[in-house]
Amino acid sequence: MISRSPEQTHAIAADLAATLRAGDVVALHGDLGAGKTTFTRGLVRALGGDPAQVTSPTYTLLQVYPTPLGDVFHLDAYRAVPDELDELIADAFCTVIEWPERAEITATIDVRIEHVDEGRFVSID
């Protein structure tokens, strides 16, 4: 899928949100500035949460966004991973992890975001 705007990235995330089940872990792979937080904003909006609350978890490590289906946890594993990560995410409807390769957790869905020309290529496995 090719996204040429934040709105298109949100639409791709909304398509994924429609398939999520409780306990899913979404691993977001992509370079700095690739659009991981933008993708998360679209996901939270599609789940009925407030997209204005979605910010990069880089300095806070964990953001929690309430939705009608339950909380969405948004983690940044680049700098640190909470010791009780498995226990922590058990309380979430779904968990979105940026820089998942630094966390020892099994994702149920892998999303890869790469810059291609003027847009972003988004691959969901």
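All values reported here derive from a predicted model rather than from experimental measurement.

Novice: Sorry if this is basic, but what is going on with the confidence of the model for the protein chain here?
Specialist: Low pLDDT means the predicted atomic positions in that stretch should not be read closely. Of the residues in the protein chain, 90% have a pLDDT of 70 or more, and the chain-wide mean is 86. Mean pLDDT across the secondary structure elements of the protein chain bottoms out at strand β7 (residues 119–124), with 66, and peaks at helix α2 (residues 36–46), with 95.

Novice: Mind showing me how you'd approach α2 here?
Specialist: Owing to its 3.6 residues per turn, the α-helix aligns residues three or four sequence positions apart on the same side. Among the 11 residues in α2, eight count as buried, and that is most of the element. Three or more residues of α2 are buried, namely K36, T37, T38, F39, T40, G42, L43 and V44. Positive backbone phi, approximately 95°, marks G48, located one or two places after α2.

Novice: Just to check I follow, could you spell out the environment of V96 for this structure?
Specialist: Inspection of the secondary structure assignment puts V96 in strand β5 (residues 94–98). On the basis of relative accessible area, V96 is assigned to the buried category, the value being 1%. For the pair formed by V96 and A27, sequence separation is 69 residues and the distance between their alpha carbons is 6.0 Å. Not counting residues up to four positions away in its chain, the partners in contact with V96 are V26, L28, T40, L43, V72, F73, H74 and L75.

Novice: Mind showing me how you'd approach the side chain of H74 here?
Specialist: Its location among the elements puts H74 in strand β4 (residues 72–76). Among the polar contacts made by the side chain of H74, one reaches the side chain of Y65 at a distance of 3.0 Å. A polar atom in the side chain of H74 sits 2.7 Å from the side chain of E98. With residues near it in sequence (within four places) discarded, H74 still touches T37, T40, V54, T55, P57, L61, L62, Q63, Y65, V96 and E98.

Novice: Sorry, what's going on with the nonpolar core here?
Specialist: Side chains of a nonpolar character, in soluble globular proteins, are inclined to be buried together. Among the nonpolar cores identified, the biggest contains 22 residues, and L16, L20, V26, F39, L43 and V111 are the most heavily contacted of them. In terms of residues, this core owes the most to one element, helix α1 (residues 6–17), which gives four residues. With near-sequence residues (within four places) excluded, L43 lies in contact with A13, L16, A17, L20, C94 and V96. Counting seven residues, the second-largest nonpolar core is a separate cluster that includes L75, L85, I89 and I97.

Novice: Could you clarify how one ought to interpret α1 in this entry?
Specialist: With 12 residues, α1 should reach 16 Å at 1.5 Å per residue; the first-to-last C-alpha distance of 16 Å fits that figure. If you check which residues of α1 are buried, you get T9, H10, I12, A13, L16 and A17. All buried residues of α1 fall inside an arc of 160° around its axis, so they share one side. Across α1 from its buried face, at more than 90 degrees, point the exposed residues E7 and D15.

Novice: What is the right way to look at the pairing of β5 in this model?
Specialist: Consecutive side chains of a regular strand alternate in pointing toward one face of the sheet and then the other. With five of five residues buried, β5 is to be regarded as a mostly interior element. Every second residue of β5 is oriented toward a common face, with C94, V96 and E98 on one face and T95 and I97 on the other, all of them buried. Two elements, strand β2 (residues 24–29) and β5, share five bridges in a ladder whose sense is parallel. When the sheet's bridge partners are listed, V26 is paired in β5 with V96. When β4 meets β5, the two strands line up parallel, connected through five bridges. The partner of L75 across the bridge, within β5, is I97.

Each value, and the rule that gives it
Residues numbered from 1 in each chain as written. Predicted model: local features only at pLDDT ≥ 70, side-chain atom pairs only at ≥ 80, totals over all residues. Heavy atoms only, no water. pLDDT = per-residue confidence, 0-100. Helix = DSSP H or I, 4+ residues; strand = E, 2+ residues; numbered from the N terminus. Buried < 20%, exposed > 50% of the residue type's maximum accessible area, 1.4 Å probe, protein only. Contact = heavy atoms within 4.5 Å. Polar contact = N/O pair within 3.5 Å; in protein donor to acceptor, adjacent residues only side chain to side chain. Core = buried A, V, L, I, M, F, W, Y, C linked by side-chain atoms within 4.5 Å. Expected span 1.5 Å × (residues − 1). Arc of directions from axis to C-beta. Pairing = 2+ DSSP bridges.

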